[in-house]
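# Commentary on secondary and tertiary structure
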Amino acid sequence: MSSVVMKCVNKIYPGDVHAVRDLDLEIKDKEFIVLVGPSGCGKTTTLRMIAGLESITSGELYIGNNIVNDVPPKDRNIAMVFQNYALYPHMTVFKNMAFGLELRKVPKTQIDKKVREVAGILGIEHLLDRKPKALSGGQRQRVALGRAMVREPDVFLLDEPLSNLDAKLRASTRTEISKLHRQLETTFVYVTHDQTEAMTMGDRIVVMNDGIIQQLDTPQNLYNRPRNVFVAGFIGTPQINFIDGVILQDGDQWYLTIGKDRLLIEHPDAATALSSYKGKLVRLGIRPEDLEDDPDYTAEHPAYTLHTEVDAKEMMGSEAYLYLNYAGMRLTARVKPDTSSEPGNRIAIALRMTRSHLFDPETGEAILNRVI
């Protein structure tokens, strides 16, 4: 069993800096879980507590069935891959990968077999005699992974391992790490500030902010059913659009009024969820791909349409991004590449309201999420 369980874990640094607050987290055996959030959110501190590199102020940490609060890092059977790879510059690739096994007094024949086996999996057999300075960033990353793999740990901990790679190499290495996880069938805990990495790699994602778990869920549920404004705004590229308006009931219909405009709220739970918000301010969240500039579509859906001005346009090949000005608010629309909308145009934009989210602007909590 290589599950990891944290029960009401806190980390407080001198000066009453509360880095992690009452964290409850269960990572399943063989799961690939990603901790994501902005700088200073507590994700790396959480990883380092699992590794034993940071002490726990209060709470309990289990690896498998054993509580490990006071167990030193070397006895936790975990392996950590650092952001800067932490390779020994004076050692060859072979020696870097073998070093941990040598400290454990593993027989030389077994070390040689294991290192070469792992090097074969990672495609770095031809690099075993080189030193780190002769390697590219991607090759160093593989060596760091290999050094962790030869130890056959119960848990892999990866702290922003792709941040030093260029964009193309990051994309290919993401795929390699995901494939490696499937091959090894071991628990992976991965820290990143990049939500694209989180969405493409994790079985589940832990979104953190200010030392608190905001939401723990699958990538798709985070996207479709964010628990609060922070999660909605953090997950998704381009970022979700937010528009503040007042709830209005007109007969059986519910509307969001924005100045002189109003948008029909189409949701089966609207009456129940919005009854206590009549006449109150709420925050609408809608993804850029759910804004439509096609004139035929907007003409057919006047109840969901706003009139905006195009500030800028970015062609992305398979799609285009429109940056819109609506009543002083900046909105982003992801539209078809053959759009006729151009900077300076006044255009109608239809919002697919069944795919919108509504949030309480004071608490930030979700009132309604999109209809799936």
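In short, a report on the structure. (Residues numbered from 1 in each chain as written. Predicted model: local features only at pLDDT ≥ 70, side-chain atom pairs only at ≥ 80, totals over all residues. Heavy atoms only, no water.)

## Considerations on unusual backbone geometry
Across the junction of Thr 237 and Pro 238, the peptide omega takes the value -5 degrees, indicating a cis bond. By secondary structure assignment, the location of Pro 238 is in the loop between α8 (229-234) and β11 (241-250). In this structure, Asn 77 takes a positive phi of about 55 degrees despite not being glycine. Relative to the helices and strands, Asn 77 is located in the loop between β5 (66-67) and β6 (78-81). For Lys 105, which is not glycine, the phi dihedral falls at a positive 65 degrees. On the secondary structure map, Lys 105 appears in the loop between α2 (93-103) and α3 (108-122). (Helix = DSSP H or I, 4+ residues; strand = E, 2+ residues; numbered from the N terminus.)

## Brief notes about the pairing of strand β9 (residues 204-209)
With six of its six residues buried, β9 lies for the most part within the structure. Here β9 shows no split at all, with Arg 204, Val 206 and Met 208 on one side and Ile 205, Val 207 and Asn 209 on the other all buried. Here strand β3 (residues 32-36) pairs with β9 via four bridges, running parallel. Opposite Leu 35, over in β9, you have Val 206 as the bridge partner. Bridge analysis of β9 against strand β10 (residues 212-217) gives five bridges, and the strand direction is antiparallel. Counterpart to Met 208 in the pairing with β10 is Ile 213. Here β9 hands over to β10 after two residues, with Asp 210 in that stretch at a positive phi of 55 degrees. (Buried < 20%, exposed > 50% of the residue type's maximum accessible area, 1.4 Å probe, protein only. Pairing = 2+ DSSP bridges.)

## Some remarks on the sheet that holds strand β4 (residues 58-63)
Where strands meet in a sheet, backbone hydrogen bonds hold them as pairs that are either parallel or antiparallel. Taking strand neighbours across the sheet as the criterion, the four strands line up as β2-β1-β4-β5 in an open arrangement whose pairing is antiparallel. Both edges of this open sheet fall to β2 (17-27) and β5, since each of them pairs with a single strand only. Sheet topology note: the strand β1 (residues 4-13)/β4 ladder contains five bridges and is antiparallel. The partner of Met 6 across the bridge, within β4, is Leu 61. Strand contacts of helix α1 (residues 43-51): β1, β2 and β4, with the helix running at about 115 degrees to β1, the strand carrying the most contacts. (Contact = heavy atoms within 4.5 Å. Axes fitted to C-alpha atoms, helices over the stretch in contact; angles between N-to-C directions.)

## Thoughts on the side chain of Ser 341
Relative to the helices and strands, Ser 341 is located in the loop between β18 (329-335) and β19 (346-351). Since its relative accessible area comes to 4%, Ser 341 is described here as buried. Discounting residues that sit within four places of it in the chain, Ser 341 has contacts with Asp 293, Val 310, Lys 313, Leu 322 and Ile 347.

## Thoughts on the environment of Thr 363
Structurally, Thr 363 can be placed in the loop between β20 (357-359) and β21 (366-368). Relative accessible area serves as the criterion here: at 53%, Thr 363 is assigned to the exposed category. Spatially, the C-alpha atoms of Thr 363 and Asn 228 are 8.4 Å apart, while their sequence positions differ by 135 residues. Side-chain polar atoms of Thr 363 contact the backbone nitrogen of Glu 365, separated by 3.1 Å. (Polar contact = N/O pair within 3.5 Å; in protein donor to acceptor, adjacent residues only side chain to side chain.)

## Regarding the side chain of His 357
With respect to the secondary-structure elements, His 357 resides in strand β20. A polar contact is formed between the side chain of His 357 and the side chain of Asn 369, at a distance of 2.7 Å. Contacts of His 357, omitting those with residues within four sequence positions, involve Tyr 223, Asn 224, Pro 226, Ile 240, Arg 283, Leu 284, Gly 285, Leu 368, Asn 369 and Arg 370.

## As for helix α4 (residues 137-149)
The end-to-end C-alpha distance of α4 is 18 Å, a good match for the 18 Å that 13 residues give at a rise of 1.5 Å each. Inspection of α4 places Gly 138, Gln 141, Val 143, Ala 144, Leu 145, Gly 146, Arg 147, Ala 148 and Met 149 among the buried residues, and these make up the whole buried set. Residues of α4 that are buried sit in contact with β6, α2, α3, β7 (155-159) and α5 (167-184). (Expected span 1.5 Å × (residues − 1).)

## Re the packing of α2 against α4
Interhelical geometry of α2 versus α4 gives an angle of 30 degrees and a closest axis separation of 7 Å. Here α4 runs roughly parallel to α2, going by the angle between their axes. Considering how the two elements wind past one another, α2 and α4 form a crossing that is right-handed. Residues Val 93, Asn 96 and Met 97 of α2 form the contact with α4, whose participating residues are Val 143, Gly 146 and Arg 147. Across the contact of α2 with α4, the residue classes tally to three nonpolar, two polar and one charged. (Parallel < 35°, antiparallel > 145°, perpendicular 65-115°, else oblique. Left-handed = near helix turned anticlockwise from the far one by under 90°. Nonpolar A, V, L, I, M, F, W, Y, C, P; charged D, E, K, R; others polar.)

## Considering the layout of surface pockets
Of the volumes computed, that of the largest pocket is approximately 550 Å³. In terms of lining residues, the largest pocket is bounded by 20 residues, among which Ile 78, Met 80, Gly 100, Arg 147 and Arg 151 are the most central. Mapped by element, the contributors of at least two residues to the lining of the largest pocket are β6, α2 and α4. Of the residues that constitute the lining of the largest pocket, the class distribution is 15 nonpolar, one polar and four charged. (1 Å grid on protein atoms, 1.4 Å probe; cavity = no way out; pocket = protein on both sides within 12 Å on 5 of 7 lines; lining within 4 Å. Points joined across faces, edges and corners; volume = space filled by probe spheres on them.)

## Description of the environment of Val 143
Structurally, Val 143 can be placed in helix α4. Among the residues examined, Val 143 registers a relative accessible area of 1% and is labelled buried. Every residue in contact with Val 143, bar those within four places of it in the chain, is listed here: Leu 87, Val 93, Asn 96, Met 97, Ile 124 and Leu 135.

## Description of a negative patch on the surface
Judged by side-chain charge, Asp 294, Asp 296, Glu 300 and Asp 338 come together as a negatively charged surface patch. Within the fold, Asp 294 resides in the loop between β15 (291-292) and α10 (295-300). For Asp 294, a relative accessible area of 31% translates into the label partly exposed. (Patch = residues over 30% accessible without salt bridge, like charges linked within 9 Å, V, L, I, M, F, W, Y side chains within 5 Å. Areas by Shrake-Rupley, 256 points an atom, 1.4 Å probe, with all protein chains shown as cover. Salt bridge = Lys/Arg side-chain N within 4 Å of Asp/Glu carboxyl O. Lys, Arg positive; Asp, Glu negative; His and termini not counted. Charge placed at Lys NZ, Arg CZ, Asp CG, Glu CD.)

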